[in-house]
Amino acid sequence: MAALLRAVPRWRGPAAWGRPCHGLWCCSEQDPSRWVASRPPTMKETPSGTETEKFQMVYRFDAIRAFGFLSRLKVAQTALTVVALPPGFYWYSQGLMTLNSLCLMGGVAGFAFAMLCWMSHFFRRLVGILYVNESGTMLQVAHLTFWGWRQDTYCPVADVIPLTETRDRPQEVFIRIQQYSGKQTFYLTLRYGRILDRERFTRVFGMLDVPK
């Protein structure tokens, strides 16, 4: 996973990412209202009291688009291997395929499915963009779904455990965003991601010794 991160640490694609309104991950640098992707993000219900507030981007991980593409590619590859099993059983019943070949097909399909579950478990928790509302009370986390598309999750800042109170070190490839309530844990990379608003980031996660 670290090797993949090193391969795409500064890849930004044709446009920079922006806050989602009508697109998936990014907006044009020249025209913020022009969205490059066509699929809208899956957004959980906006917490009450923050509907009229603007969310400021404080962190982004540019390579998340590559991970989203990889996730969708893995889903398609797994689907193809699983769909090939019924014809394999039919060919075996007709004597057109040996038992060893059928077992090989089943093994490949099982391995593909196991890898999909493992990759999805990680990718769904990998942070692409972090936003904080103007009052500094709500954290918006943009991450991937099982299908490789974007989903936004809202976490009260008061429920977020500061990174200074965890055992994770900023120098590690991935550090965890945890909540006191024990809800979903996310993974953040400060080594390959970029802090865009250090002041707001520090208010949420505490003072960290990370390069500017």
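Residues numbered from 1 in each chain as written. Predicted model: local features only at pLDDT ≥ 70, side-chain atom pairs only at ≥ 80, totals over all residues. Heavy atoms only, no water.

Observations concerning the overall build of the protein
- A count of helical and extended segments in the protein gives 5 helices and 8 strands.
- Starting at the N terminus, the α and β elements of the protein follow one another as α-β-β-α-α-α-β-β-β-β-β-β-α.
- Per-residue burial for the protein yields a buried fraction of 47% across its 212 residues.
- Long-range contacts, defined as pairs at least 24 residues apart, comprise 58% of the intrachain contacts of the protein with a sequence gap of at least 6.
- Carbon together with sulfur atoms contributes 58% to the accessible area of the protein, which is approximately 11,700 Å² in total. (Helix = DSSP H or I, 4+ residues; strand = E, 2+ residues; numbered from the N terminus. Buried < 20%, exposed > 50% of the residue type's maximum accessible area, 1.4 Å probe, protein only. Contact = heavy atoms within 4.5 Å. Areas by Shrake-Rupley, 256 points an atom, 1.4 Å probe, with all protein chains shown as cover.)

Comments concerning the pattern of salt bridges
- A complete count under the given rule lists 7 salt bridges for this structure.
- Here Glu199 makes a salt bridge to Arg203, at a shortest N to O gap of 2.5 Å. With a gap of 4 residues between them, Glu199 and Arg203 both fall in helix H5 (residues 198–205), about one helical turn apart.
- By relative accessible area, Arg203 is classed as exposed at 59%. (Salt bridge = Lys/Arg side-chain N within 4 Å of Asp/Glu carboxyl O.)

Details of the environment of Leu80
- Position of Leu80 relative to the elements: it lies in helix H2 (residues 64–83).
- Between the C-alpha atoms of Leu80 and Ala112, which are 32 residues apart in sequence, the distance is 9.8 Å.

Focus: the confidence of the model for the protein
- Considering every residue of the protein, the mean pLDDT works out to 80; 74% of them sit at 70 or more.
- Of all helices and strands in the protein, the one with the weakest mean pLDDT is helix H1 (residues 2–7) (55), whereas strand E3 (residues 127–133) scores best (95).
- Contacts from residues 9–38, a stretch scored under 50 in pLDDT, to residues over four places away or in other chains number 81 contacts. (pLDDT = per-residue confidence, 0-100.)

Some words on H5
- Among all positions in H5, only Phe201, Val204 and Phe205 are buried. Along the long axis of H5, the arc covered by the buried residues comes to 75°, so they all point the same way. Relative to its buried face, H5 has exposed residues pointing more than 90 degrees away, namely Glu199 and Arg203.
- Contact partners of the buried residues in H5: strand E2 (55–60), E3, strand E4 (138–144), strand E6 (175–177), strand E7 (186–188) and strand E8 (194–195). (Arc of directions from axis to C-beta.)

Section: the pairing of E3
- Among the 7 residues in E3, 7 count as buried, and that is most of the element.
- In this sheet, E3 lies alongside E2 in antiparallel orientation, the contact comprising 5 bridges. Considered in E3, the bridge of Met57 is made with Tyr131.
- Where E3 and E4 come together, 5 bridges link them in antiparallel fashion. (Pairing = 2+ DSSP bridges.)

Quick notes on the environment of Ser101
- With respect to the helices and strands, Ser101 occurs in helix H4 (residues 99–123).
- Exposure remark for Ser101: the relative accessible area of 32% places this residue in the partly exposed category.
- Measuring from C-alpha to C-alpha, the distance between Ser101 and Gly88 comes to 8.6 Å, with 13 residues separating the pair along the chain.

A closer look at the packing of aromatic side chains
- This model, assessed by the stated rule, comprises 8 aromatic pairs.
- Across from the ring centre of Trp149, 4.2 Å away, lies the NZ or CZ of Arg72, which sits over that ring. (Phe/Tyr/Trp six-rings, centres within 6.5 Å; stacked < 30°, edge-to-face > 60°. Lys NZ or Arg CZ within 6 Å of the ring centre and 35° of its normal.)

Observations concerning the pairing of strand E5 (residues 150–156)
- E5 sits mainly inside the fold: 6 of its 7 residues count as buried.
- Pairing analysis gives 7 bridges linking E4 to E5, with the strands arranged antiparallel. Within E5, the position partnered with Met138 by the bridge is Pro156.

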